Amino acid sequence: MRRAARADLAGLRRAARADLAGLRGRHPEAFRTPWRRRAALAGTLALVVGLAAVAMVRLDFSLLRLVAGLGRLGTFAVLMLPPSAGGQFPAFLAALGETLAIAFLGTLTAALLAAPVAFLAARNVVRNPFLRFSVRRGFDVIRSVDVLIWALIWINVVGLGPFAGALAIACSDVGAFGKLFSEAIETADRKAQEGVTASGGGRLHRIRFGLVPAVLPVLASQVLYYFESNTRSATIIGIVGAGGIGQYLTELIRVLELQQVAFLVLMILVTVALIDLVSARLRRAVIGDAAR
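Residues numbered from 1 in each chain as written. Predicted model: local features only at pLDDT ≥ 70, side-chain atom pairs only at ≥ 80, totals over all residues. Heavy atoms only, no water.

Visitor: Any chance you could explain the overall build of the protein here in plain terms?
Guide: Regarding its fold elements, the protein presents twelve helices and zero strands. The order of helices and strands in the protein, counted from the N terminus, is α-α-α-α-α-α-α-α-α-α-α-α. Among the 292 residues that make up the protein, the fraction classed as buried is 30%. The long-range fraction of contacts in the protein, counting pairs at least 24 apart against all pairs at least 6 apart in sequence, stands at 74%. Of the roughly 18700 Å² of accessible surface on the protein, 68% is carried by carbon and sulfur atoms. (Helix = DSSP H or I, 4+ residues; strand = E, 2+ residues; numbered from the N terminus. Buried < 20%, exposed > 50% of the residue type's maximum accessible area, 1.4 Å probe, protein only. Contact = heavy atoms within 4.5 Å. Areas by Shrake-Rupley, 256 points an atom, 1.4 Å probe, with all protein chains shown as cover.)

Visitor: Hey, could you run me through helix α11 (residues 245-254) in this one?
Guide: Because each turn of an α-helix spans 3.6 residues, side chains separated by three or four positions end up pointing in the same direction. Every buried residue of α11 is listed here: Ile 245, Gly 246, Leu 249, Thr 250 and Leu 252. All buried residues of α11 project into a common sector of 165 degrees when viewed along the axis, lining one side. A positive backbone phi angle near 60 degrees is found at Leu 256, which sits one or two residues after α11. (Arc of directions from axis to C-beta.)

Visitor: Sorry, what's going on with a nonpolar patch on the surface here?
Guide: A cluster of nonpolar residues, Met 56, Phe 61, Leu 63, Leu 66, Val 67, Leu 70 and Leu 73, forms a patch on the protein surface that exposes about 710 Å² of accessible area. Counting residues per element, the nonpolar patch draws most heavily on helix α4 (residues 63-79), at five residues. Following the sequence through the fold, Leu 63 ends up in helix α4. Leu 63 gets classed as exposed once you look at its relative accessible area, which sits at 56%. (Patch = residues over 30% accessible without salt bridge, like charges linked within 9 Å, V, L, I, M, F, W, Y side chains within 5 Å. Salt bridge = Lys/Arg side-chain N within 4 Å of Asp/Glu carboxyl O.)

Visitor: Is there a simple way to explain the packing of aromatic side chains in this structure?
Guide: What describes a pair of aromatic rings is the distance from one ring centre to the other and the angle between the planes of the rings. Applying the stated criterion to the full structure yields seven aromatic pairs. Centre to centre, the rings of Phe 89 and Phe 263 are 5.9 Å apart; their planes meet at 80 degrees, and the pair counts as edge-to-face. A residue pair is termed long-range when its members are at least 10 positions apart, and Phe 89 in helix α5 (residues 89-118) and Phe 263 in helix α12 (residues 258-291) qualify at 174 residues. Overall, Phe 263 belongs to the buried group, its relative accessible area being 18%. Among the aromatic residues, those joined into a cluster by ring pairs are Phe 89, Phe 92, Tyr 248 and Phe 263. (Phe/Tyr/Trp six-rings, centres within 6.5 Å; stacked < 30°, edge-to-face > 60°.)

Visitor: What exactly am I supposed to notice about unusual backbone geometry here?
Guide: Residues apart from glycine generally show negative phi values, whereas peptide bonds are mostly found in trans. At Asp 60, a position not held by glycine, the phi torsion is positive, near 55 degrees. Counting through the fold element by element, Asp 60 comes out in the loop between α3 (35-58) and α4.

Visitor: Quick question: what am I supposed to make of the nonpolar core here?
Guide: One broad rule of soluble globular proteins: the nonpolar side chains tend to lie buried together. Core analysis: the biggest nonpolar cluster contains 20 residues, and Val 125, Phe 139, Phe 177, Phe 181, Ile 185 and Leu 219 have the highest contact counts within it. Residue assignment for this core shows that the elements contributing at least two residues are α5, α6 (129-143), α8 (162-186) and α10 (203-238). In terms of residue count, α8 provides more of this core than any other element does, six residues in total. Setting aside anything within four residues of it in sequence, one finds Phe 139 in contact with Val 117, Ala 118, Ala 121, Val 174, Gly 175, Gly 178 and Lys 179. (Core = buried A, V, L, I, M, F, W, Y, C linked by side-chain atoms within 4.5 Å.)

Visitor: Could you clarify how one ought to interpret the environment of Pro 217 in this entry?
Guide: As for its placement among the helices and strands, Pro 217 is situated in helix α10. With 68 residues separating them along the chain, Pro 217 and Ala 285 place their C-alpha atoms 9.4 Å apart.

Visitor: Would you mind showing me how to read the packing of helix α7 (residues 147-158) against α8 here?
Guide: When two helices pack together, their arrangement is given by the angle between the helix axes and by the axis-to-axis distance. Contact geometry of α7 with α8 gives a least axis separation of 8 Å together with a crossing angle of 135 degrees. Viewed along their axes, α7 and α8 adopt a mutual orientation that is oblique. Crossing handedness for the pair α7 and α8: right-handed. Within the contact between the two elements, α7 uses Val 147, Trp 150, Ala 151, Trp 154, Ile 155 and Val 158 and α8 uses Phe 163, Ala 164, Leu 167, Ala 168, Ile 169, Cys 171 and Ser 172. Tallied by class, residues from the contact of α7 with α8 come to twelve nonpolar, one polar and no charged. (Axes fitted to C-alpha atoms, helices over the stretch in contact; angles between N-to-C directions. Parallel < 35°, antiparallel > 145°, perpendicular 65-115°, else oblique. Left-handed = near helix turned anticlockwise from the far one by under 90°. Nonpolar A, V, L, I, M, F, W, Y, C, P; charged D, E, K, R; others polar.)

Visitor: Just to check I follow, could you spell out the pattern of salt bridges for this structure?
Guide: Should the charged atoms of two oppositely charged side chains come close, the side chains can pair. Counting across every chain of the model gives four salt bridges. With a closest N to O distance of 2.7 Å, Arg 137 and Asp 140 form a salt bridge. Pair noted here: Arg 137 and Asp 140 are both in helix α6, with a separation of three residues, about one helical turn. Classification of Arg 137 as partly exposed rests on a relative accessible area of 36%. As a salt-bridge pair, Glu 183 and Lys 179 come within 2.6 Å of each other at their nearest N and O atoms. Residue Glu 183 and its partner Lys 179 are located together in helix α8, separated by four residues, close to a single helical turn. On the basis of relative accessibility, which here comes to 31%, the residue Glu 183 falls in the partly exposed class.

Visitor: Quick question: what am I supposed to make of the packing of α6 against α8 here?
Guide: Between α6 and α8, whose axes approach to 7 Å, the crossing angle comes to 140 degrees. Relative to α8, the element α6 is oriented oblique. Read as a crossing pair, α6 and α8 show a hand that is left-handed. Counted together, Arg 136, Phe 139, Ile 142 and Arg 143 of α6 and Cys 171, Ser 172, Val 174, Gly 175, Ala 176, Gly 178, Lys 179, Ser 182 and Glu 186 of α8 form the full contact between these two elements.

Have a look at this one:
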């Protein structure tokens, strides 16, 4: 069927190209861009270019400094070869496991906290606009604070270490999960919900048996994606003292142990690539099962 559809589409393209002059004559408006759209496009491009120019001036952007810095970057790259653990591979491996634990615990905590609250922000669940508005703005406030800032806050509250890192990721992701979950709930297919209502189910039955099973695969897919992303975030927040492999990374950079830095970077790259591969397959499996 797909081949037949592709063949039909190719036939339509050939027929349209052969009768292009006739199409232009019969439908001139489809081949002519309105002057307002052109003016809006030109104005937008001019605005973007102007803002970029102002930013380059304000940030003291210099092409000469960039070219000069590339030479130093090449020197650092040479000093990083060959990557070496320097006899600290067990410690690096334990720190990498700590980073994964921070990402996993932070992501799981955020998902568990955001999932029930996200229903209060969905238009098809809560009819009260003031409650929805309050919950949505709460999510916006939380996710407007970067994970690095949350890490600095929690370090001052609970002290240095991985506990602060897990709390930082959890706080940062609650807002993001709340927004994504509520949007998924609002766009869920209503057929199952209507079926539950038609069979005599109440409002809670409609949510439990009609809405939740429909959105659960989408929510699981989003959580898996964020776990992959939070693995990198856990590395970054480790630099400010929130545990994990980031602490080793910042210390080794300061003392210019660049071969060990290269080894840590390779460990992070391999770990993120493996997590990306596994989570992508899990997301396809979850969504695929839902589609069938």
